[in-house]
Structures are given as structure tokens and as C-alpha cells.
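Now for the letters of each chain:
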Amino acid sequence: MKLDFEHIPAGHCENGVISSLLKYHGLNLSEAMIFGIGSGYFFAYMPFVKVNGIPLASFRPVPGMIFARAAKRLGIKMKKQSFRKQPKRAMDELDKVLEKKLPVGVQAGVFHLSYFPPAYRFHFNAHNLTVYGKEGDTYFISDPVMEYPTTLTYEELKKVRFAKGPLSPNGKMYYPIEIPKEIDLKSAIHKGIKQTADWMLTIPVPLFGVKGIRYLSKRLRKWPEKLGPKKAAAYLAQMVRMLEEIGTGGAGFRFIYAAFLQEVAEIMQDQRYFELSKDMTKIGDKWRTFSSLAAKTCKGRSSDPDGYNTVANLMLEIADDEEKFFIELKKLIS
Amino acid sequence: MEIDKVPQDEGITAGITREVQYAVDENGKYVKTFSKGWEPKNIVNELAWKDIEDNMNLANERISAGKASPIMYFMAKCQMNVALLAEYVEIPKWKVKRHLKPRGFKKLKPDQLENYAKVLGTSVDELLNYKPKN
């Protein structure tokens, strides 16, 4: 049985899955709209959280949060289930829901994901995909970051649903059970924008929002001296990967946010959002420049502080731009 | 980013998929478009794999010196550390550490070897007979 489910490639897995699940149930909201309403735009530098021994710099809130906020603001009820150490039950439960003709969102680890590009197969467990049918031993999979729909066998799907390590999925699955007839989109958009602006501007800890960008800029200058050329390059490379690797739509979600603002301009019938979207595009372009320069510095694994200083300076410029941007954006909703 | 500037540098996803990239079209409107890849991404991804390779070489050196068991090499190959491997094989960390030493490795029972081989994506034969090529 294969449900009549449309595979929509997306920039980011979490928003992509939600957007296409809702579309199946007749609610047409783009990935960018979900991202904006769920306040997906963020910056956090968390030196105490390490990925492969490298401090985490993230351009989004923790996995699952965008989705939870968006659902709440849109009044959508989702059924969520996890199955600790019960892989068989997790698969049976999935089959049962599929039989009710409901596509199901599933959290997955990437390392064992057989259809994924090998170069991207690291131990990252907060990936999301949709299961939309089953025939014999084969599950039909719509993975938003893939260009085309794909499949997994029973064993393969079980394995990725029970990947181990940080953020392990424990068989987590979810699907909408209640979608309101009337949705107050404008109010949801307002809430989404307000929280994003507040988180970027006012968290009183220097690790988050624009303050976080400035703080990391300061730290980054010292990397070559403090860590040596090899480790410094690894740290910087990790930042570029957070900005650009599968699932950001480019420039650490900044372009998705710009797309969201264009949609908002139409919904609100307010050209000012369209103008701000242009500013956001420029910010995204600067992050792209950052990635490009940073990658060059990494490639040489040079301990020349100039490369690090250049990108650190660019970060300060971006922090100022993002600060100005969110002050302006906040004016539109208050 | 403008749509005509979306990079198409083939690399890590070549022949498998293209990635969605948000870009502005000629009318200034955002659209989703596909990118085959981008050179800076290829560079940093390569760097990450280089580090994994370094870990494998390091494991090989230690195995050759008689200081580590073959599990060390396969663990590095699977990008695992002791904590993650312990979770996958469902054996306490301190025991896994023992199995990473030649002496502890020799004492492994067939079903334990089977378990390690399965998790590390190899066979019992390969695990037992692994010799670093230097």
C-alpha cells in the first residue's frame, strides 16, 4: 500500500516533514512558513556542548523545537510516540498508523541511512523523514533533503529509528491528528516573529543571539594560537558545516527566513516585510562569504592569524546587521 | 543569493542527490532551486573525513605496536568512540575498554565477537584476522 503522498524536497528536514504532512491533510503551508512561525532562526554558541570534541555553534534552536512551536501556534494537535528499547513495537505501531492511511513522520539517525550520500553519513540522530506506505518488506520514504522519494527495508528502517548516541530517536514517530478548520495565520506569524526577535536580541546570556555571534567572533580569533593549526581548522570547518551542510537551505537558514518574510509580505499586504526580506538576503550572502573565506583558511590548515581575523571581523559586521534587522522587524509587529 | 549564482560544483552528493537552495529569481521572488554542491562545502566535508582517516591510521599504529586490538581500527572506521560503541554493543564502557586491548580481545567469546562484528559492519573472520597494512 502506497499513500497518495507528494514528495516535496525541502531545505531542512524538520520543517520539510511537517510541511508535507500538513499538505497531505489539506493544509498548505510552505517549509519557510513553518520555519518562520516556529521561530527557527537563531544563533547559539555552546562551548560546553561538544560534537566530535568540537564546541557547538548552531544556527537554529534544538531539534524538535521549531516543530513544537509551529504546531502550538497553528493549533494543530500531533500524536507523538517514542518506544524506548522496543524496536518491534515501534515498527508494529508504525504499520498500524500506515494502515489507517496516515503518513507518519519519523526521527532517524543518519549514519545507517542507506540512501544518503556516504559523505554525509555521520552519527547525527536528529534527522526526520516521512514514511508513506509499505509493500512486503519495503517502506516508501519521503526524505525532504533528497531530490526524489526513496525506500528502506524493514531492517534498515528499524536500525535508523533506533540509532544510538546523543539525541537518539528511540523510535520516535509523529503525525497530525487534529487540524483546525480556521487558522489564524496572522497571529501565528506575529508570535513567531516576536519570539525570534526576542531570542536574537534580548537573551541575557552572551552565548545566544547577536551577542553569541560577537562572543564567538572574539573566541575564534584566538583559535590558531590556542589550539594549533590542525584543531583550529577543524573548529572552523565545523562552523561551515553547521551553516551549509544538508538541511539549512543555505547560509544557516538565513535564506529560508528571507523567503518566509516574502510570504508574510503577501499575507499581511505589507510591502515593508518584502523590503526587510532583501536585507535578510544580504545577511545570508555575508554568511556565504564567511563560509567561502573560512573554507579557504581551513584548506591550508594554516595557523596564519590573518585568515581567522578576517572571518572574525566579518562576523562582527554580520552581528551588527542582524541586530539592526531584528530591531526593524520588531517595529512592524508591535 | 540570486538564482543564477547558485553554485553547481559537483562533489559530495554527485550522482546521488541535489540539495535544495533558496534563491531569488529574476523578479526578486524567492524560489526553491537545486544545487549540485558548493566548493567550500566539499572542502570542509573532506576535512572531516580526513580526521576520521587520521584516527584509523592512529589505531593501526597502536595495533601494530601490540597496544590495541582490531576493534580499535573498526571503531575509528565507524566514527565511534568508546561511549557510542558501548551503547551499540550493549556492554559497559569499562568492558569495551578491555576489549580494545589485545589481552581482553583474546578472551572474547564467539557470541561477543559476533556482536562486535555486526555493530562494526564487518565479519568475525575479518575482525579476528585484521592486520594493519603499513
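Residues numbered from 1 in each chain as written. Chains lettered and ligands numbered in written order. Predicted model: local features only at pLDDT ≥ 70, side-chain atom pairs only at ≥ 80, totals over all residues.

1. Side note on the overall build of chain B
In terms of regular secondary structure, chain B is built from seven helices and two strands. Starting at the N terminus and walking to the C terminus, you meet the elements of chain B as β-β-α-α-α-α-α-α-α. Taken over the C-alpha trace, chain B has a radius of gyration of 21 Å; the compact-globule value for 134 residues is 14 Å, which it surpasses by more than 25%. Considered along the principal axes of its C-alpha atoms, chain B spans approximately 70 × 30 × 25 Å. Counting over 134 residues, chain B shows a buried share of 32%. Restricting the contact set of chain B to residue pairs at least 6 apart, pairs at least 24 apart contribute 48%. (Helix = DSSP H or I, 4+ residues; strand = E, 2+ residues; numbered from the N terminus. Rg over C-alpha atoms; globule rule 2.2 N^0.38 Å. Buried ≥ 20, exposed ≤ 12 C-beta atoms within 10 Å, placed from the backbone. Contact = placed C-beta atoms within 7 Å.)

2. Let's talk about the nonpolar core
Grouped together as the largest cluster of nonpolar side chains are 114 residues, with contacts concentrated most on Val131, Leu236, Ile256, Tyr257, Phe260 and Cys298 of chain A. At 15 residues, helix α7 (residues 209-244) of chain A tops the list of elements feeding residues into this core. For Tyr257 of chain A, the contacting residues outside a window of four places in its chain are Phe35, Gly36, Tyr41 and Met280 of chain A. Counting 20 residues, the second largest nonpolar core, distinct from the first, contains Phe74, Leu85, Tyr88 and Leu120 of chain B. (Core = buried A, V, L, I, M, F, W, Y, C linked by C-beta atoms within 7 Å.)

3. Side note on the interface of chain B and chain A
With 27 residues of chain B at the interface, the matching set in chain A holds 37 residues. Per element, the largest residue contribution to the side of chain B that touches chain A is eight residues, and it comes from helix α1 (residues 39-64) of chain B. Of the residues belonging to the side of chain B that touches chain A, the class tally is 16 nonpolar, five polar and six charged. (Nonpolar A, V, L, I, M, F, W, Y, C, P; charged D, E, K, R; others polar.)

4. Considerations on the domain arrangement of chain A
Examined at the domain level, chain A breaks down into domain 1 (79-171) and domain 2 (189-333). For domain 1 of chain A versus domain 2 of chain A, the distance between C-alpha centres works out to 31 Å. (Domains from an automatic or database assignment.)

5. Observations concerning the sheet that holds strand β8 (residues 173-178) of chain A
Residues and elements named next belong to chain A. The six strands lie next to each other as β3-β8-β4-β5-β6-β7, forming an open sheet whose pairing is antiparallel. Since the sheet does not close on itself, it has two edges, and those belong to β3 (77-81) and β7 (150-153), each with one partner. The sheet shows a mean angle of 40° between the axes of neighbouring strands, taken without regard to direction. Bridging between strand β5 (residues 127-135) and strand β6 (residues 138-142) involves five bridges; their strand directions are antiparallel. Its bridge partner being in β6, Val131 is matched across the sheet by Ile141. Helix-sheet contacts for helix α1 (residues 13-24) involve β4 (104-108), β5, β6 and β8, and the interaxial angle to β5 is about 40°. Those strands touched by helix α5 (residues 154-161) are β4, β6 and β7, and its axis lies near 90° from that of β7. (Pairing = 2+ DSSP bridges. Axes fitted to C-alpha atoms, helices over the stretch in contact; angles between N-to-C directions.)

6. Topic: helix α2 (residues 70-77) of chain B
Residue and element names in this part refer to chain B. Burial within α2 is extensive, with six of its eight residues counted as buried. Buried residues along α2 sit in contact with α1, α3 (82-89), α4 (93-99), α5 (102-106), α6 (110-119) and α7 (124-128). Backbone geometry just after α2 places Gln79 at a positive phi near 55°.

7. As for the packing of helix α8 (residues 254-268) of chain A against helix α9 (residues 271-300) of chain A
Axes are the key here: two packed helices are described by the angle between their axes and the distance separating the axes. Residues and elements named next belong to chain A. At a minimum axis separation of 8 Å, α8 and α9 run at an interaxial angle of 175°. With respect to α9, the element α8 is oriented roughly antiparallel. Residues Arg254, Phe255, Tyr257, Ala258, Leu261, Gln262, Val264, Ala265 and Met268 of α8 pack against Gln271, Tyr273, Phe274, Leu276, Ser277, Met280, Thr281, Ile283, Gly284 and Trp287 of α9. (Parallel < 35°, antiparallel > 145°, perpendicular 65-115°, else oblique.)

8. Some thoughts on the confidence of the model for chain B
Averaged over all residues, the pLDDT of chain B equals 93, while 99% of them reach at least 70. Predicted as a complex, the structure gets a pTM of 0.92 and an ipTM equal to 0.89. (pLDDT = per-residue confidence, 0-100.)

9. Observations concerning the domain arrangement of chain B
When its domains are assigned, chain B resolves into domain 1 (3-37) and domain 2 (46-128). The C-alpha-based centres of domain 1 of chain B and domain 2 of chain B are spaced at 40 Å.

10. Here's the deal with unusual backbone geometry
Residues and elements named next belong to chain A. Even without a glycine there, the phi angle at Ala251 is positive, about 55°. Topologically, Ala251 is positioned in the loop between α7 and α8. Given 27 C-beta atoms within a 10 Å radius, Ala251 is considered buried. Even without a glycine there, the phi angle at Gln269 is positive, about 50°. What makes Gln269 exposed here is the crowd of 7 C-beta atoms within 10 Å.

11. Comments concerning the environment of Trp287 of chain A
All names here are of chain A. Assignment of secondary structure puts Trp287 in helix α9. A sequence separation of 36 residues divides Trp287 from Ala251, and the C-alpha atoms of the two residues are 5.5 Å apart. When neighbours within four sequence positions are excluded, Trp287 is seen to be in contact with Leu243, Ala251, Gly252, Arg254 and Ile318.

12. Things to note about the pairing of strand β2 (residues 54-58) of chain A
Residues and elements named next belong to chain A. Here five bridges tie strand β1 (residues 44-51) to β2, and the two strands are oriented antiparallel to one another. Its bridge partner being in β2, Val51 is matched across the sheet by Ile54. Where β1 folds back on β2, the antiparallel hairpin that results is connected by two residues, among which Asn52 adopts a positive phi of roughly 50°.

13. What to know about the environment of Ala259 of chain A
You can see Ala259 of chain A is positioned in helix α8. Given 27 C-beta atoms within 10 Å, Ala259 of chain A falls into the buried group. Separated by 15 residues in the primary sequence, Ala259 of chain A and Phe274 of chain A have C-alpha atoms spaced 9.3 Å apart. Those residues in contact with Ala259 of chain A that lie beyond four places of it in its chain are Ala32 of chain A together with Tyr22 and Tyr30 of chain B.

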